[in-house]
Every structure is written in C-alpha cells, then in structure tokens.
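Next come the chains, spelled out residue by residue.
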Amino acid sequence: MAINEIQHFFDHQALRWDYSFDEQKLKRLRWIFKHRIGALKGPVLDLGCGTGVLLKVFPQVLSDPSSLILEMDISMAMLHQAQEKRFGLLNKVYFVQADGHRLPLAKKSMNSVVAFQVLPHFIDLLHVFQEVYRTLKKDGRFVILHLMDHHKLNALHRSAGGAVEDHYLPPVEEVAAMLASENFAIDGSLETEDCYLIIGRK
C-alpha cells in the first residue's frame, strides 16, 4: 500500500471523521489519560493526529498548561479539521503535514509522543518506532492508544475496505516487544475490550 493511497483515503474521510467520536468516547479518553497514562510533559507530538481529537484532552493532562503541542498528520484535510479545535487553547499549537516514517523533527526535541488511533496505518512500524525514539528526549514517553482491542479494530478495517482493508493492529504484547527491540523501556501495557494501551519510555 503506497503512502499516497492512505493519504487520499483520509483526505476523503476528514469531513465526517468526528461523527463517530461522541461525548461518551471523549469522556472515556479523558479517563484513560487521567487514570492510566498520567500527566504528559511537553513539548508533545500528536502523531497521526487526524482531526485533532486530543486537543480536547491535552489541556487537562499536560503538566505545564502552556506546553507546545505539535499536531502532525499525513492528511492535510484532517489537519484543516484539527485547526478548528485550537481556538481557546492557551498552548502554542502547530500543525504539520508529514509522514510518521520521516519525522521532520530534531533529535531529542519532544518529551512526549502520542499515537492515538493511528498505529495500523503505518506501513513499517519498526521504522516509525525508530523515528519516535530519535525525537524523544531522555525519559520521554511514547503512548500508543486505541479505544478498542485489536480484534475489533482489525474487523472494523476489513469491513471498511479500500485503502485500510488490510491495515492490521497486532496484539498489545507483540507491539510492546517491538518497542523493546528498539530500546524502549515498557512502563505499562493493557488490552481490554475498550482500551489498547502501551507506554514506552526512552
């Protein structure tokens, strides 16, 4: 699957993407950050940010409310939707179109990287993990999060068809092992019906 096919798919999904993310899911997301992940230290990279759902969460979970937030996605249409969520935030928020396999960031420039509902859409996970590791500062955290287990998500992609039909999320223990192979320490991992979470630390 070529990167431009994935980009094209999400460009066409952008306008209706938020319809499936209701207040109940947002409440669940905030609970997970508060009770499972804890405070994030900025600067923070929202990797594969989509329509910027986490901009509704970051102000409550950043240890410094004025921390820089970098919203990054391969889809410009998704970023346009995300930009509408920045108003009223105290944070400095930047929006960058980029591919997670080639992060346009300096070494040791981020304290936190969050990959929310994006992992299966990367073609080469190990390469993405290497890039994240490169950009994290010492003791920086890499959070991988989905609001469903890998069985449900993979079935959802198969039913969606098109560019994401074969996009696959491995079981949490497999991804944790991949992170460990790239020198991440695993602070925690969890997979339940409504939470897929891995926290890695540089």
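Up top is the structure these notes are about.
Student: Sorry, what's going on with the overall build of the chain here?
Tutor: A count of helices and strands for the chain gives 7 helices and 7 strands. Its helices and strands taken in sequence order, the chain reads α-α-β-α-β-α-β-β-α-β-α-α-β-β from the N to the C terminus. Counting only residues that meet the buried cut, the chain has 51% of its 202 residues in that class. Accessible area of the chain: about 9800 Å², with a carbon and sulfur share of 52%.

Student: For this particular structure, what's the right way to read helix 7 (residues 172–181)?
Tutor: The periodicity of an α-helix, 3.6 residues per turn, causes residues three or four places apart in sequence to face the same way. Buried within helix 7 are the following residues: Val172, Val175, Ala176 and Leu179. Seen along its axis, helix 7 keeps its buried residues to an arc of 100°; they face one direction. The inward-facing, buried residues of helix 7 abut helix 5 (125–135), strand 5 (136–146), strand 6 (185–192) and strand 7 (195–201). Two residues or fewer past helix 7, Asn183 is found with a positive phi of approximately 80°.

Calculation criteria
Residues numbered from 1 in each chain as written. Predicted model: local features only at pLDDT ≥ 70, side-chain atom pairs only at ≥ 80, totals over all residues. Heavy atoms only, no water. Helix = DSSP H or I, 4+ residues; strand = E, 2+ residues; numbered from the N terminus. Buried < 20%, exposed > 50% of the residue type's maximum accessible area, 1.4 Å probe, protein only. Areas by Shrake-Rupley, 256 points an atom, 1.4 Å probe, with all protein chains shown as cover. Arc of directions from axis to C-beta. Contact = heavy atoms within 4.5 Å.

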